[in-house]
Amino acid sequence: MTAEAAAPSHILRQGAESAETTFGGGGALPVPRADDLIPLYLPVLGAAEQQAAAAALADGWLGIGPLTGRFERELGAFLGLRPDRHLVSTSSCTSALHLAALTAGIGPGAEVICPSFTYVAGHQAMSATGADVVFCDIDPKTLTVDPASVRSVITPRTRAIQVVHYAGVPADLDAIHAIAAEHDLRVIEDAAHAFGSSSRGRAIGSFGDLVCFSFGPVKMITSLEGGAVVSPRVEDVQLLHELRLIGVTADTDARYARQRMWEYDVVRQGYRYHLGSLPAAIGLAQLAQVDAFIANRRSYCRQYDAGLSDLDGVEPMAVAWDEIAPYMYVLRLRDASLRAGFMAHLRGLGVATGVHYMGGHTFTHYRECQRADLSVTETVAEQVVTLPLHSFMTEQTRERVIAAVRSYFS
Ligand SMILES: *Cc1c(COP(=O)(O)O)cnc(C)c1O
């Protein structure tokens with residue numbers, strides 16, 4: 001149903017571009033041909049990433065290394081982390097979420113309240129600890145967790161609230177942190193969509209509790225696979241280093257300095273969750289361009305809004321994009337029964353679409369989980385359609401998407 005695997009096999013050079021599109025990478029750009037399917041996602045991988053990858057391979061130090069340390073420092077600088085916040089890179093956001101839950105002491109017998117309306121990676125990361133996932137509903141405007149719904153499912157076993165900044169739109173963190181303070185709960189932010197987003201002037205990750213990012217293939221920046229967890233507790237750093245390196249102590253700093261310790265202890269159950277040098281190199285090349293990626297995506301979302309908001313049949317997300325680093329552009333169809341036909345119509349015109357998300361409570365593995373009233377999730381999950389959004393799109397591509405949507409309703 002989604003076009004995640006449909007990235008074009010060819011890479012073409014950039015054509016004539018409108019003024020608001022900027023590209024910092026140089027070299028070959030991924031531009032879909034006019035007669036091609038416009039994919040849902042299209043990572044921008046140009047000469048900068050290829051050079052960075054080639055240099056990392058030629059260097060030959062492939063595990064955790066100096067590039068891993070540098071990627072962590074530059075991520076921290078981009079997010080504006082103060083010295084009291086600590087970033088540890090991981091192999092993915094799913095592993096970052098798993099480690100965040102473990103550092104929060106979550107395990108068997110605990111309950112974690114999660115929105116049903118999110119990617120199942122978030123649910124999997126919580127249930128991997130042995131904890132029970134408890135589903136809550138979302139706010140119909142922002143499509144992020146509804147604080148009142150969170151309240152409705154708190155029990156004496158609740159240990160944490162997971163929030164998702166859907167499509168890059170920050171959840172109501174002040175309300176969530178207030179509930180957490182009242183009930184002594186940890187807050188785990190799944191910020192896979194929100195790298196570069198801010199909430200009232202504060203970058204996501206730079207405040208709050210445990211915050212997890214994704215650098216997976218289709219995210220704002222990619223290291224092919226990768227992630228990071230930000231913690232407000234300095235004592236978590238060593239724990240996270242051990243957890244991501246199969247329980248081995250005291251080796252991370254040596255590896256950042258291109259060394260390995262041949263005397264170490266293994267102090268806990270750990271996982272193979274580190275970020276190696278090659279993904280770090282690619283992540284660094286991407287991070288150098290992220291301001292342009294965000295600016296382009298914002299302007300494309302505004303263009304989609306302007307081109308679609310007069311249509312009666314669809315409802316764009318009601319957000320001003322000023323503080324948002326948009327990960328996806330999502331429409332809601334007022335008549336959900338049209339969705340399959342709408343998606344087929346766009347596919348026929350060479351425009352891929354996606355569905356983000358089916359409610360987690362509908363999956364076999366999570367059928368028995370406790371849940372709040374999920375009416376908003378049930379409605380919204382049937383209505384949403386994701387349109388193509390890339391960090392670099394030609395004017396012609398954007399106009400083709402808008403024209404394809406409009407043609408369905410005329
Ligand atoms: C992509 C994604 C994840 C998982 O990220 P990975 O880096 O692929 O593990 C988790 N949550 C959400 C909402 C996502 O979109």
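Please read all numbers here as calculations on a predicted model, not as lab measurements.

### Focus: the packing of aromatic side chains
Inspection of the entire model under this criterion finds 16 aromatic pairs. Taking the centre distance of 4.9 Å and the plane angle of 40° together, the rings of F117 and Y166 count as tilted. Within this pair, whereas F117 is found in the loop between β2 (111–115) and α4 (120–127), its partner Y166 is found in the loop between β4 (158–164) and α6 (173–183), the two being separated by 49 residues in sequence. With respect to burial, F117 and Y166 carry one shared label: buried. Ring geometry for F135 against Y366: centres 6.2 Å apart, planes inclined by 85°, an arrangement best described as edge-to-face. Placement of F135 in strand β3 (residues 132–136) and of Y366 in the loop between α11 (339–348) and α12 (375–383) is noted, with a sequence separation of 231 residues between them. You'll find F135 and Y366 in the same group, each marked buried. Linked through ring pairs, F71, F78, F195, F213 and F215 together constitute an aromatic cluster. Above the plane of the ring of W61 lies R260, whose end atom (NZ or CZ) is 4.8 Å from the centre.

### Remarks on the site of the ligand
Neighbouring the ligand are 13 residues, the closest being T94, D190, H193, S214 and K219. In the environment of the ligand, an oxygen atom lies 3.2 Å from a nitrogen or oxygen atom belonging to the side chain of K219. Separating an oxygen atom of the ligand from a side-chain N or O atom of Y357 is a distance of 3.3 Å. If the ligand stood free it would expose 390 Å²; the protein chains cover 91% of that surface.

### Side note on the sheet that holds strand β10 (residues 314–316)
With antiparallel pairing, 3 strands are arranged side by side in an open sheet as β10-β11-β12. Of all the strands in the sheet, the pair left with one neighbour each is β10 and β12 (384–387). Neighbouring strand axes in the sheet, compared pairwise and without regard to direction, differ in orientation by 35° on average. With 4 bridges joining them, strand β11 (residues 329–333) and β12 adopt antiparallel strand pairing. Paired with R332 across the bridge in β12 is V384. Taken strand by strand, helix α10 (residues 290–308) contacts β10, β11 and β12, and its axis lies near 25° from that of β11.

### What about the sheet that holds β4?
Taking strand neighbours across the sheet as the criterion, the 7 strands line up as β1-β9-β8-β5-β4-β2-β3 in an open arrangement whose pairing is mixed. The open sheet is flanked by β1 (86–90) and β3, the only strands paired with a single partner. Taking the axes of each pair of neighbouring strands and ignoring which way they run, one obtains an average angle of 20° across the sheet. Contacting β1, β8 (210–214) and β9 (227–231), helix α2 (residues 66–79) runs over the sheet at an angle of about 130° to β1.

### Regarding unusual backbone geometry
Omega for the peptide link from H356 to Y357 comes to 15°, which places this bond in the cis form. In this structure, L143 is a non-glycine residue whose phi angle is positive, near 60°. Among the secondary structure elements, L143 is positioned in the loop between β3 and α5 (147–152). Its relative accessible area of 2% is what places L143 among the buried residues. The residue I246 is not glycine, and still its phi comes out positive at about 40°. Tracing the chain through its elements places I246 in the loop between α7 (235–244) and α8 (252–256).

### Some remarks on α7
With 7 of 10 residues buried, α7 is to be regarded as a mostly interior element. Three or more residues of α7 are buried, namely D236, L239, L240, H241, E242, L243 and R244. Downstream of α7 by a residue or two, I246 has a phi angle that is positive, lying close to 40°.

### Side note on α2
The end-to-end C-alpha distance of α2, which contains 14 residues, comes to 20 Å, matching closely the 20 Å that a straight helix rising 1.5 Å per residue would cover. Every buried residue belonging to α2 is among T68, G69, F71, E72, L75, G76 and L79, and all of these are buried. The arc that holds every buried residue of α2, seen down its axis, measures 160°, which confines them to one face. Relative to its buried face, α2 has exposed residues pointing more than 90 degrees away, namely R73 and A77. Just beyond α2, the residue with positive phi is G80, at close to 70°.

### Some details on the confidence of the model for the protein chain
The pLDDT averaged across the protein chain works out to 92; a share of 91% of its residues lies at or above 70. A low-confidence stretch, residues 1–22 (pLDDT under 50), is modelled with 58 contacts involving residues beyond four sequence positions or located in other chains.

Calculation criteria
- Residues numbered from 1 in each chain as written.
- Predicted model: local features only at pLDDT ≥ 70, side-chain atom pairs only at ≥ 80, totals over all residues.
- Heavy atoms only, no water.
- Phe/Tyr/Trp six-rings, centres within 6.5 Å; stacked < 30°, edge-to-face > 60°.
- Helix = DSSP H or I, 4+ residues; strand = E, 2+ residues; numbered from the N terminus.
- Buried < 20%, exposed > 50% of the residue type's maximum accessible area, 1.4 Å probe, protein only.
- Lys NZ or Arg CZ within 6 Å of the ring centre and 35° of its normal.
- Near = heavy atom within 4 Å.
- Polar contact = N/O pair within 3.5 Å; in protein donor to acceptor, adjacent residues only side chain to side chain.
- Areas by Shrake-Rupley, 256 points an atom, 1.4 Å probe, with all protein chains shown as cover.
- Pairing = 2+ DSSP bridges.
- Axes fitted to C-alpha atoms, helices over the stretch in contact; angles between N-to-C directions.
- Contact = heavy atoms within 4.5 Å.
- Expected span 1.5 Å × (residues − 1).
- Arc of directions from axis to C-beta.
- pLDDT = per-residue confidence, 0-100.

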